[in-house]
Amino acid sequence: MSLHIGDTAPDFTADTTKGRISLHEWAGNSWVFFFSHPADFTPVCTTEMGKTSKLSEPFAARNVKPLGLSTDHVSEHLKWIADVNDTQQTDLQFPIVADPDLTVAKLYDMIHPNQSDTAAVRSVFIIDPNKKIRLTMTYPMNVGRNFDEILRVIDALQLADKHRVATPADWRAGDKVIIPLSVQGDDAVKAFPQGWDAPRPYLRLTTVK
């Protein structure tokens, strides 16, 4: 199944390291950072799990719940978490989905046969409180994710929702944003009373808080 931005994230019920959950109910009114791993007790995955755990406060500040997935059983996940905590100096508390039969991995198109028939690639799904997929990223098995970028895109999505703006290349929190072309005339003046710079009629830059 191929999932696209704007699709409703498929709901599922699965065992996790925090008990059995149904995605939509568990997510509630939060955003979700749903990310997959090829297997437990693998080096790149261990660093990523540790990094996610260390970012628990930044995720919580953004109303984001991390949710991991690996195609192993809960019992293996729990043993692996002990390793993650020890080697990455953290205390991992977010749930990790157990998916030994690949049900969820296939539902979210995380199995790429040219990489592996049984191990999930490094997929990322950012899901908003309306259960819509807002961003997808896929990394190969041998490349760790950029967590600065994951936080950056969450900030950009949330800012865009709040202020009806777009963000330029390499945008960081506090940088100028773009007024979309769909906002024109009096609507633009009302939405952005602070005004804007327009080096071109189609390129209007402003600041928002």
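Check the entry above for the structure.
Bear in mind the structure is a predicted one, so any value in this text is a computation, not a measurement.

Caption draft 1: Quick peek at the nonpolar core. With 25 residues, the main nonpolar core has Phe33, Met49, Phe59, Leu92, Ile126 and Ile150 as its most contacted residues. Tallying contributions element by element places helix α6 (residues 147-163) first for this core, with six residues. In contact with Leu92, not counting residues within four places along its chain, are Met49, Ser53, Ile81, Val84 and Asn85. Formed by 22 residues, the second largest nonpolar core is a distinct cluster that contains Phe12, Val32, Leu102 and Val104.

Caption draft 2: Just the sheet that holds strand β8 (residues 177-178), in detail. Strand order across the open sheet formed by three strands is β8-β10-β9, with antiparallel pairing between neighbours. Since the sheet does not close on itself, it has two edges, and those belong to β8 and β9 (197-200), each with one partner. Alignment of β8 against strand β10 (residues 203-206), held across two bridges, turns out to be antiparallel. Each bridged residue has a counterpart across the sheet, and for Ile178 the counterpart in β10 is Leu205.

Caption draft 3: Spatial organisation of the environment of Gln158. Note that Gln158 resides in helix α6. With a relative accessible area of 21%, Gln158 lands in the partly exposed category. Taking the C-alpha atoms as reference, Gln158 lies 9.1 Å from Asp128; in sequence the two are 30 residues apart. Those residues in contact with Gln158, other than ones at most four positions away along the chain, are Trp31, Arg62 and Val64.

Caption draft 4: Highlighting the packing of aromatic side chains. Taken as a whole and judged by the stated rule, the model has nine aromatic pairs. With centroids separated by 5.9 Å and ring planes inclined at 50°, the aromatic side chains of Phe35 and Phe94 adopt a geometry described as tilted. Of this pair, Phe35 sits in strand β3 (residues 31-37) while Phe94 sits in the loop between α4 (74-88) and β5 (96-98), and the two are 59 residues apart along the sequence. Under the relative-accessibility criterion, Phe35 is labelled buried at 0%. Taken together, a centroid distance of 5.0 Å and an interplanar angle of 75° make the contact between Tyr108 and Phe125 edge-to-face. Linking Tyr108 in the loop between α5 (103-107) and β6 (122-127) with Phe125 in strand β6, this pair joins segments that are 17 residues apart in sequence. Residue class for Tyr108 comes out buried when judged on its relative accessible area of 1%. Put simply, the rings of Phe33, Phe35, Phe59, Phe94 and Phe147 pair up and form one aromatic cluster. For Lys65, the ring lying beneath its charged end belongs to Trp26, and the centroid distance is 5.1 Å. Taking the ring centre of Trp196 as reference, the NZ or CZ of Arg204 above it sits at 5.8 Å.

Scoring rules and cut-offs
Residues numbered from 1 in each chain as written. Predicted model: local features only at pLDDT ≥ 70, side-chain atom pairs only at ≥ 80, totals over all residues. Heavy atoms only, no water. Core = buried A, V, L, I, M, F, W, Y, C linked by side-chain atoms within 4.5 Å. Buried < 20%, exposed > 50% of the residue type's maximum accessible area, 1.4 Å probe, protein only. Helix = DSSP H or I, 4+ residues; strand = E, 2+ residues; numbered from the N terminus. Contact = heavy atoms within 4.5 Å. Pairing = 2+ DSSP bridges. Phe/Tyr/Trp six-rings, centres within 6.5 Å; stacked < 30°, edge-to-face > 60°. Lys NZ or Arg CZ within 6 Å of the ring centre and 35° of its normal.

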